[in-house]
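Summary of structural features
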Amino acid sequence: MEKIAYVNGSYVPLSEAKVSVLDRGFLFADGIYEVAAVLDGKLVDNASHLARLERSVGEIRLELPETIARIQEIQKELVARNKLVNGMVYLEVTRGADTGRDFAFPKGVKPTLVMFTSEKDIVGAPSARTGINVITVPDIRWERRDIKSVALLAQVLAKQAAAEAGAGEAWMIEDGKVTEGGSSSAFILTQDDVIVTRQNGSEILPGCTRKAVVALAEERQLRVEERAFSIEEALAAKEAFITSASLFVQGVVAIDGKKVGNGKPGPMTDRLREIYVEFAKATAV
Ligand code: PLP
């Protein structure tokens, strides 16, 4: 069965889902995206993703073409039409297609809204058991990484370098400290059992999974510190892991070919993963 996508009010086969060459997402990366996980046919932590969508579009003065409630209805309709059990819903909103290529905002142009789904067994992914290797790359992105912009070229290059090195993710480094992964938030567990992840700010995307994991850890009286950490600190840590909507919590077992801990996902990583999966199942809509 061909997958169904949503494009500006219509549900169409994915191969026919198209936008104009004048779309500002295509020309200028003038757009915002979100990715929400789907577990057992339900959207995981979607309110958090939609809140971040509203914030991101606000920061670039882009008005959503639909209400947040309607966007969630469309996400659900797309999950149903694709009979999606486990995977993700991708959504992107751009400042639309004008009649030419002027940088300044067009007047009277309706934003573009597209969505599509993909299948993935997030809970059963083999890398959840084995963990992943990461490489480090300089963080060459712009200064507003808190906005979930579709301008992802730096991450494309970072993740390609990781793929070529046989690694699953790239950790980006700025001023000697890890900012985040190419498409994930970065964490370590120190030798005295403190969970450390960089504080939110313009240097990183405020990860929805990061936010939930920090809250779930704190509810269980686990110690969490939100601050920057270096690769030296990560290599001296007990454990390291990453979080994102499309992989939940996954162990980092090596950085630039050097083992973290005993080279296997650690017990805290496994525990936080279980806690997150439980939360995701219990709160999905
Ligand atoms: N950081 C970056 C740069 C990302 O692209 C992503 C997700 O794509 C994340 C962090 C994780 O965010 P979330 O947990 O909301 O998926």
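If you're wondering where the values come from, they're calculated on a predicted model, not measured in any experiment.

**Quick look at the site of the ligand**
Around the ligand, a shell composed of 19 residues is seen, among which Arg52, Glu180, Cys208, Thr209 and Ala245 lie nearest. Within the side chain of Glu180, a nitrogen or oxygen atom sits 2.6 Å from a nitrogen atom of the ligand. For the ligand, whose accessible area on its own is 390 Å², the fraction buried by protein is 93%. Broken down by secondary-structure element, the contributors of at least two residues to the shell around the ligand are α2 (46-59), β9 (177-181), α6 (208-219) and β13 (239-244). Of the residues assigned to the shell around the ligand, the class counts are four nonpolar, 11 polar and four charged.

**Thoughts on the pairing of strand β14 (residues 248-255)**
For β14, the buried fraction is high: eight of the eight residues fall into the buried class. Examined bridge by bridge, strand β7 (residues 132-138) and β14 share three bridges and lie parallel to one another. Among the inter-strand pairings, Val134 is bridged to a residue of β14, identified as Ile255. Here β13 pairs with β14 via four bridges, running antiparallel. By the bridge assignment, Ser244 is partnered in β14 with Phe248. The loop that links β13 with its antiparallel partner β14 comprises three residues. By the bridge criterion, two bridges tie β14 to strand β15 (residues 258-259) in an arrangement that is antiparallel.

**Things to note about the domain arrangement of the protein**
Domain boundaries in the protein define domain 1 (4-119) and domain 2 (126-283). Here the C-alpha centre of domain 2 lies 26 Å away from the C-alpha centre of domain 1. Each partner contributes residues to the interface: domain 1 has 21 residues there, and domain 2 has 21 residues. The tally of links between domain 1 and domain 2 comes to two salt bridges. A salt bridge links Arg55 to Asp146; the nearest nitrogen and oxygen atoms lie 3.0 Å apart. Of the residues that constitute the side of domain 1 that touches domain 2, the class distribution is 10 nonpolar, four polar and seven charged.

About the cut-offs
Residues numbered from 1 in each chain as written. Predicted model: local features only at pLDDT ≥ 70, side-chain atom pairs only at ≥ 80, totals over all residues. Heavy atoms only, no water. Near = heavy atom within 4 Å. Polar contact = N/O pair within 3.5 Å; in protein donor to acceptor, adjacent residues only side chain to side chain. Areas by Shrake-Rupley, 256 points an atom, 1.4 Å probe, with all protein chains shown as cover. Helix = DSSP H or I, 4+ residues; strand = E, 2+ residues; numbered from the N terminus. Nonpolar A, V, L, I, M, F, W, Y, C, P; charged D, E, K, R; others polar. Buried < 20%, exposed > 50% of the residue type's maximum accessible area, 1.4 Å probe, protein only. Pairing = 2+ DSSP bridges. Domains from an automatic or database assignment. Contact = heavy atoms within 4.5 Å. Salt bridge = Lys/Arg side-chain N within 4 Å of Asp/Glu carboxyl O.

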